[in-house]
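# Observations on the model geometry
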Amino acid sequence: MASFIGIRGGQFVHPQPVMTMRHPVAVRRAPLDWIGFAVMMGLSCIIMFVNLTASGYANEFYSAAAQAGSVDWWAFLWGSSDAGNSITVDKPPAAIWLMALSVRMFGLNSFAILLPEAICGMVSVWLVYACTRRYWGNWFGAIAGLTLATTPVAALMFRFNNPDALLVTLMTGAAYAVLRSLEYPDNRQANRRRTAWLAFAGALVGLGFLTKQLQVLLVLPGFAFAVLAASPTKLIRRIVDGLVAIVSMLVFAGWWMLLTVIVPSGSRPYIGGSQTDSFLELTFSYNGFGRLTGNENGAVVGGGKASGGMWGETGLTRLLDGEFGGQIAWLAPVAALGIVIGCIACRCARRTDLRRASVIVWGSWLLVTWVVFSYMSGIFHQYYTVALAPSVAVLVAIAASVLWERRHALWARSCAAVVTLVTAIWAVELLGRSSWVPWLKIVVLMLGLASVLILAALAIAAVPLRGLRVLRTPAMVSIARVAGIVAVTLGAVALYAGPVAWTAYTVSVGHQGSIVTAGPNVTGSTGMGGGPGGAQNGGPGMRGNGGPAHGGSVNGNGGFGGQNGPGLPNGNNSRGNPHGTAGGGSGQSQSDGSGQSFPNGANRDGAASSEQNSQIRPGGGGGLLGGGSASETIVAMLKDNAGQYTWVAATTGSQNAASYQLASEQAVMPIGGFNGSDPSPTLEQFKEYVAEGRIHYYIGGGGLGGNQLGGSNSANEIAEWVAENFTVQTVDGVSIYDLTK
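Residues numbered from 1 in each chain as written. Predicted model: local features only at pLDDT ≥ 70, side-chain atom pairs only at ≥ 80, totals over all residues. Heavy atoms only, no water.

As a further point, take empty space enclosed by the protein. Under the criterion given, the structure shown has seven cavities of 30 Å³ or more. For the second largest cavity, the calculated volume is near 60 Å³. Taken together, Thr147, Thr150, Thr151, Pro152, Ile328, Trp330, Leu331, Val392, Tyr496 and Pro499 make up the lining of the second largest cavity. Classifying every residue of the lining of the second largest cavity by side-chain character gives seven nonpolar, three polar and no charged. (1 Å grid on protein atoms, 1.4 Å probe; cavity = no way out; pocket = protein on both sides within 12 Å on 5 of 7 lines; lining within 4 Å. Points joined across faces, edges and corners; volume = space filled by probe spheres on them. Nonpolar A, V, L, I, M, F, W, Y, C, P; charged D, E, K, R; others polar.)

Below, the structure is given as structure tokens:
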């Protein structure tokens, strides 16, 4: 160990200062540091890119929007679900832009869809590394980067096409910019640079708003606190810098919002997820305060409650429950310790200390986001916790850095022993929630206990008692040094074995649908999770509800939409199958209370097994939460004379429409948007489109439709009108109406 410390650059905190900065900042890296950096990025690249295309189109809802944006610039601008520009996705379009550009470059395929997310993962790992190494040391930057890469939910979402990947990258980039702004001294030139960095941070937050709206604001309290507390300038200048950042944020977020107001309704796509064609409503209701209160007009189901609900029980321990814990909380005890001892380590530092500012930024990020996620009563999925991953990664590295620097102190050795014991026991608890690799929890427990015993012995050796002086002789110090290395190694393996295993599992399998989770199946989950949503034939299923799957009730009648689901008034289910079986695979029919029943061969992410696939009708479209497959016969029908129509077909729900759109690469109108509950189009508008010959087919089945929590009933009205006025034909088990006859 002594020889390692003697190597130039081998120290964990590099001593060379940057004279233009007001504090020493690690900017130079010796060859050994570069090797560590290369290993970190190489392993991250493996996690992000290996087996990437196993997920196919992943969430077809967003993949269809990317396809539309790749062929039509107007659809690109608005984030339209279809190239006919009937309706947008229920989020702003920033994440769609990246995917659409990738599809324009590489064509419509799985790799083109998922490449931007994988790149976001690599950028996020580098940003976390850079943020950490500048204030806590090169090697601890590598620890932070690897911790992020091996966080199961991060490995999932950086390989999946929901907006969360870009959101996390933008928030992490904004944190980096804020901390960089605090490095400059108080003089004219430095102040200009500081203001520029803060403006850049504001721009990234603004782009984050165009990615997932108000969620990006959860990091702002920590940013504001850090600037006010640690900027070396006078208070007035700090306020001015903050206002510059706010203006930058408003400009980068507001221009697109302003477009939705300036361009009148009817001249642009309908704003999906709203009931009044208003982006402001979408921002502050369905995707905003509605997520906190549970009052979300047009949502599928109501919000959670303290006693439990569809989205899981609320409370401070929510993120430790069921599947949530295995997504993000493996190293939560270490991250919590990082906040505490990070503040203690900086307690005597001056106000402008950069290390304290780093703890403020990342600690506030973790605490604010954790509390909001714990108590929000509206729609909340396990993968949302990826927003916590950067803060957890950095705080783990901060805890390791402080403990290492104070490794000769009794309190540091004691803290190391306690946190290793607590985290190892917590890892055993998380591993015990799954039947996958049951032996791993035994290995983790044994390694963790061995590490704790050695650390406890080293702590005793550090007790300043005369009777223990024999433990501090040169020979014993050498033995203690070796023992410390062994303890750290064993502890690291014990603490990281669980998340690395869960990450490896996540990388090895594909994930499809709207709701996905990392790692293997777990028991004891509360609320909705896993994957309604399916692979090529995977239909939505519910976890832990003790009720029927969305794709069709246990008795085969109608599913969530009722016995007479949209488009098929004769008792057919929501996929258009007259016998009531879930056309895309049932996902799950009933739970036994453990949250883990998967009948009919469906897996946790809603994907059907190969045996089940052979029994499912070949032409099934998607359902509410997951896409399906379209048979070759139906695709050929949609492509026939496609150039004569604005939409080759219309069907209820964006996921259902996405399946046909991606298969045919032609515009398919998603009636009612994602939930089938948006008033787009109204019955009168639909009749007008049909009269003008702009829609070729109507495909029965799809999403819910109807008045979900105040949503529109237009989808059901359209379905009934079509059934009354046009002749149905069944093609590969799918009910199709030719609207031109």
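For the pair helix α2 (residues 31-49) and helix α6 (residues 110-136), the least separation of the axes is 10 Å and the interaxial angle reads 155 degrees. In terms of axis orientation, α2 runs roughly antiparallel to α6. Relative to α6, the crossing made by α2 is right-handed. Of α6, the residues touching α2 (which contributes Phe37, Met40, Met41, Ser44, Cys45, Met48 and Phe49) are Leu115, Ala118, Ile119, Gly121, Met122, Val125, Trp126 and Tyr129. (Axes fitted to C-alpha atoms, helices over the stretch in contact; angles between N-to-C directions. Helix = DSSP H or I, 4+ residues; strand = E, 2+ residues; numbered from the N terminus. Parallel < 35°, antiparallel > 145°, perpendicular 65-115°, else oblique. Left-handed = near helix turned anticlockwise from the far one by under 90°. Contact = heavy atoms within 4.5 Å.)

Under the counting rule described, the total for this entry stands at 29 aromatic pairs. A centroid spacing of 5.9 Å and a plane angle of 25 degrees characterise the contact between tryptophan 97 and tryptophan 255, whose relative ring orientation is stacked. With tryptophan 97 in helix α5 (residues 94-106) and tryptophan 255 in helix α12 (residues 235-262), the pair connects residues that are 158 residues apart, well separated along the chain. The exposure class of tryptophan 97 is buried, given its relative accessible area of 15%. Plain terms: the ring middles of tryptophan 436 and tyrosine 505 are 5.0 Å apart, the flat faces sit at 70 degrees to each other, and that makes the pair edge-to-face. With tryptophan 436 in the loop between α18 (410-431) and α19 (439-461) and tyrosine 505 in helix α20 (residues 474-508), the pair connects residues that are 69 residues apart, well separated along the chain. For tryptophan 436, a relative accessible area of 29% translates into the label partly exposed. Taking the relative accessible area as the measure of exposure, tyrosine 505 reaches 23% and is therefore partly exposed. Joined through ring pairs, the aromatic side chains of Trp74, Trp78, Phe209, Trp256 and Phe279 make up one cluster. Directly above the ring of tryptophan 34 sits arginine 29, whose terminal nitrogen or CZ lies 4.0 Å from the centroid. A cation sits over an aromatic face here: arginine 407 above tryptophan 404, 4.2 Å from the ring centre. (Phe/Tyr/Trp six-rings, centres within 6.5 Å; stacked < 30°, edge-to-face > 60°. Buried < 20%, exposed > 50% of the residue type's maximum accessible area, 1.4 Å probe, protein only. Lys NZ or Arg CZ within 6 Å of the ring centre and 35° of its normal.)

With that settled, the discussion passes to the pairing of strand β5 (residues 734-738). Most of β5 is tucked away: five of the five residues are buried. Side chains of β5 alternate between two faces, with Val734, Ile736 and Asp738 and Ser735 and Tyr737 buried alike. Note: strand β4 (residues 728-731) against β5, four bridges, orientation antiparallel. Of the residues in β5, the one forming a bridge with valine 728 is tyrosine 737. (Pairing = 2+ DSSP bridges.)

Further remarks concern the side chain of threonine 147. Along the chain, the position of threonine 147 falls in helix α7 (residues 138-149). At a separation of 2.7 Å, a polar atom in the side chain of threonine 147 contacts the main-chain carbonyl oxygen of isoleucine 143. (Polar contact = N/O pair within 3.5 Å; in protein donor to acceptor, adjacent residues only side chain to side chain.)

So, on to the nonpolar core. Trp362 and Phe373 are the most contacted members of the largest nonpolar core, which has 157 residues in total. The greatest single-element share of this core, amounting to 14 residues, is contributed by α6. Beyond its immediate chain neighbours, meaning those up to four positions away, phenylalanine 373 contacts Gln215, Leu218, Arg318, Leu319, Phe380, Tyr384, Thr385, Ala387 and Leu388. Counting 19 residues, the second largest nonpolar core, distinct from the first, contains Trp647, Ala650, Ala715 and Tyr737. (Core = buried A, V, L, I, M, F, W, Y, C linked by side-chain atoms within 4.5 Å.)

Another aspect to go through is helix α25 (residues 714-725). The end-to-end C-alpha distance of α25 is 16 Å, a good match for the 16 Å that 12 residues give at a rise of 1.5 Å each. Within α25, the full set of buried residues consists of Ser714, Ala715, Asn716, Ile718, Ala719, Trp721 and Val722. (Expected span 1.5 Å × (residues − 1).)

This part covers the environment of serine 44. Within the secondary structure, serine 44 is located in helix α2. On the basis of relative accessible area, serine 44 is assigned to the buried category, the value being 0%. Taking C-alpha positions, serine 44 is 9.1 Å from alanine 155, a pair spaced 111 residues apart along the chain. Setting aside its immediate chain neighbours within four residues, serine 44 contacts Met122, Val125 and Ala149.

Let us now look at the side chain of serine 714. Of note, serine 714 is situated in helix α25. If we ignore the near neighbours within four places in the chain, the residues touching serine 714 are Pro679, Pro681 and Thr682.

At a minimum axis separation of 9 Å, helix α16 (residues 354-375) and helix α17 (residues 389-405) run at an interaxial angle of 140 degrees. Considering their axes alone, α16 and α17 lie oblique with respect to each other. Classified by chirality, the crossing of α17 by α16 is left-handed. The segment α16 lies against α17, with Arg355, Ser358, Val359, Trp362, Gly363, Trp365 and Leu366 engaging Pro390, Ser391, Val392, Val394, Leu395, Ile398, Ser401 and Glu405. Within the contact of α16 with α17, the residues separate by chemical class into nine nonpolar, four polar and two charged.

A contiguous nonpolar surface patch, about 740 Å² in accessible area, is contributed by Leu228, Leu235, Ile236, Ile239, Val240, Leu243, Ile246 and Leu250. Along the chain, isoleucine 236 turns up in helix α12. Its relative accessible area of 64% is what places isoleucine 236 among the exposed residues. (Patch = residues over 30% accessible without salt bridge, like charges linked within 9 Å, V, L, I, M, F, W, Y side chains within 5 Å. Areas by Shrake-Rupley, 256 points an atom, 1.4 Å probe, with all protein chains shown as cover. Salt bridge = Lys/Arg side-chain N within 4 Å of Asp/Glu carboxyl O.)

Note that serine 278 resides in the loop between α12 and α13 (279-293). Between the C-alpha atoms of serine 278 and serine 265, which are 13 residues apart in sequence, the distance is 8.9 Å.

The subject of this paragraph is the state of the cysteines. Considering all chains together, one arrives at zero disulfides under this definition. Cysteine cysteine 346 remains unbridged, with the sulfur of cysteine 343 as its closest cysteine sulfur at 7.3 Å. Among the residues examined, cysteine 346 registers a relative accessible area of 4% and is labelled buried. (Disulfide = S-S within 2.5 Å.)

Here α12 spans 38 Å end to end across 28 residues, near enough to the 40 Å set by a 1.5 Å rise per residue. Along α12, the helix axis deviates most sharply at glycine 254, where the bend reaches about 45 degrees. The set of residues buried in α12 consists of Arg238, Asp241, Ala245, Ser248, Met249, Ala253, Trp256, Met257 and Thr260. As for α12, its buried residues are in contact with α4 (73-78), α5, α10 (188-212), α11 (220-230) and α13. (Bend = angle between axes of the 7 residues up to and from the residue.)

In this structure, the amide linkage connecting serine 680 to the following residue, proline 681, adopts the cis form with an omega of -5 degrees. With respect to the secondary-structure elements, proline 681 resides in the loop between β2 (668-671) and α24 (683-691). Positioned with a positive phi, glutamate 665 is a non-glycine residue whose angle comes to about 60 degrees. One can find glutamate 665 in the loop between α23 (654-664) and β2.

Attention now goes to the environment of threonine 151. Here threonine 151 lies in the loop between α7 and α8 (152-157). We classify threonine 151 as buried; its relative accessible area is 8%. Expressed as a C-alpha distance, the spacing of threonine 151 and tryptophan 502, which sit 351 residues apart in the sequence, is 8.3 Å. Contact partners of threonine 151, with chain neighbours within four places excluded, come to Gln327, Ile328, Ala389 and Thr503. Separated by 2.7 Å, the side chain of threonine 151 and the backbone oxygen of threonine 147 make a polar contact.

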